[in-house]
Amino acid sequence: MKEIFISMGSHQTTLNLNRNGEFTVAFATVDTLVAADFVGIVSAKNDPKKMEKTGWTIAKAEHVNAPVFTDFPMTLECRIREKLDESETDYYIIAEIVNILVDERYLAEDGKPAQEKMRLISYDPVHHGYLELGGRVGNAFSDGKKLK
C-alpha cells in the first residue's frame, strides 16, 4: 500500500529517473486524455516544447524533486527503491509512495480519495484505446465472505 510497480521503456523520463530517482505519477482522466496520450507518444528528445503544448499547469512536488501537473485529480509523489531486470531498452521500478496529492473536489466524506469522482481512464492494450473506469461494483475483503 506504500509502493508502486512500474514498467519503464527508454524515454527522456528514463534518463531523468536515472539522474534523480524521484518522480510523480498523475492519474489520467477523461478530461486529460488527449494531452496525456500526447505526452505518451511524443518524446521530449524530439519536441522540447512537449509539455507546453499540453497546457498543463506545472508546480514543484512537496516531498520529492519532481514536477506535479496540477490538472490531474490525484498524483503520487514517489522515490525509487529498486530497479529490476534493467537492460538498455527497459526495466521495472519499485518505488516508495512518499505522498499522495488529491484535489479536495475528489475526496470522499471520510477525507480519502474518491476515485469514482475522478473519471479515471485505463489503457486497453488489446484494442489500443482508453476506457473510463466506472463506479463501485463491490466491497473488497468482504463480498467474498459470502462463499465461506
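Shown above is the structure to which this text applies.
About the thresholds
- Residues numbered from 1 in each chain as written.
- Predicted model: local features only at pLDDT ≥ 70, side-chain atom pairs only at ≥ 80, totals over all residues.
- Heavy atoms only, no water.
- Helix = DSSP H or I, 4+ residues; strand = E, 2+ residues; numbered from the N terminus.
- Buried < 20%, exposed > 50% of the residue type's maximum accessible area, 1.4 Å probe, protein only.
- Contact = heavy atoms within 4.5 Å.
- Areas by Shrake-Rupley, 256 points an atom, 1.4 Å probe, with all protein chains shown as cover.
- Lys, Arg positive; Asp, Glu negative; His and termini not counted.
- Charge placed at Lys NZ, Arg CZ, Asp CG, Glu CD.
- Phe/Tyr/Trp six-rings, centres within 6.5 Å; stacked < 30°, edge-to-face > 60°.
- Pairing = 2+ DSSP bridges.
- Axes fitted to C-alpha atoms, helices over the stretch in contact; angles between N-to-C directions.
- Core = buried A, V, L, I, M, F, W, Y, C linked by side-chain atoms within 4.5 Å.

S.K.: I'd love a proper account of the overall build of the protein chain, names of residues and values included.
M.R.: When its secondary structure is counted, the protein chain shows 3 helices and 8 strands. The order of helices and strands in the protein chain, counted from the N terminus, is β-α-β-α-α-β-β-β-β-β-β. The dimensions of the protein chain, computed from C-alpha atoms along their principal axes, are 55 × 35 × 35 Å. A buried classification covers 30% of the 148 residues belonging to the protein chain. Taking as baseline every contact in the protein chain between residues at least 6 positions apart, the subset at least 24 positions apart corresponds to 53%. Counting only carbon and sulfur atoms, one obtains 52% of the accessible surface of the protein chain, whose full area is about 10,400 Å². Averaged over its 18 positive side-chain charges, the protein chain has a centre that lies 3 Å from the centre of its 23 negative ones.

S.K.: A description of the packing of aromatic side chains should follow, citing residues and the corresponding values.
M.R.: All chains considered together, the criterion is met by 4 aromatic pairs. For the pair phenylalanine 5 and tyrosine 92, a centre-to-centre distance of 5.4 Å together with 10° between the ring planes defines the contact as stacked. Of the two residues, phenylalanine 5 sits in strand E1 (residues 3-8) while tyrosine 92 sits in strand E6 (residues 91-102), which places them 87 residues apart along the sequence. We classify tyrosine 92 as partly exposed; its relative accessible area is 33%. Three or more aromatic residues link up through ring pairs in this structure, and these residues are Trp56, Phe69 and Phe72.

S.K.: Which residues make up the side chain of aspartate 47, and what values do they have?
M.R.: With respect to the element layout, aspartate 47 can be found in the loop between helix H2 (33-41) and helix H3 (50-54). For aspartate 47, a relative accessible area of 13% translates into the label buried. Each residue touching aspartate 47, except ones within four places of it in the same chain, is listed here: Phe38, Val42 and Lys53.

S.K.: Please set out unusual backbone geometry residue by residue, giving values where relevant.
M.R.: A positive phi angle, close to 60°, is found at arginine 119, a residue other than glycine. Classification of arginine 119 by relative accessible area gives partly exposed; the value is 39%. Positive phi, normally seen in glycine, also occurs at phenylalanine 141, with a value near 60°. One can find phenylalanine 141 in the segment after strand E8 (129-132). Of the residues examined, phenylalanine 141 reaches a relative accessible area of 81% and is grouped as exposed.

S.K.: Go over the sheet that holds strand E2 (residues 22-26) with me, naming the residues and quoting the values.
M.R.: Pairing is antiparallel across the open sheet formed by 4 strands, whose spatial order is E1-E6-E5-E2. Two strands in the sheet have a free side with no partner beyond their single neighbour: E1 and E2. Sheet twist, expressed as the mean angle between neighbouring strand axes with direction ignored, is 40°.

S.K.: Can you tell me about the side chain of threonine 75, naming the residues and giving the values?
M.R.: Relative to the helices and strands, threonine 75 resides in strand E5 (residues 74-84). For threonine 75, the contacting residues outside a window of four places in its chain are Thr24, Val25, Ala26, Val68, Phe69, Asn99, Ile100 and Leu101.

S.K.: I'd like to hear about the nonpolar core, residue by residue, with values.
M.R.: With 12 residues, the main nonpolar core is built from Ile4, Ile6, Met8, Phe23, Val25, Leu76, Cys78, Ile80, Tyr91, Ile93, Ala95 and Ile97. Within the residue set of this core, elements represented by two or more residues are E1, E2, E5 and E6. The element contributing the most residues to this core is E6, with 4 residues. For valine 25, the residues in contact, after removing those within four places along its chain, are Ile4, Ile6, Met74, Thr75, Leu76 and Cys78. By size, the runner-up hydrophobic cluster in this structure holds 7 residues, among which are Ala35, Trp56, Phe69 and Phe72.

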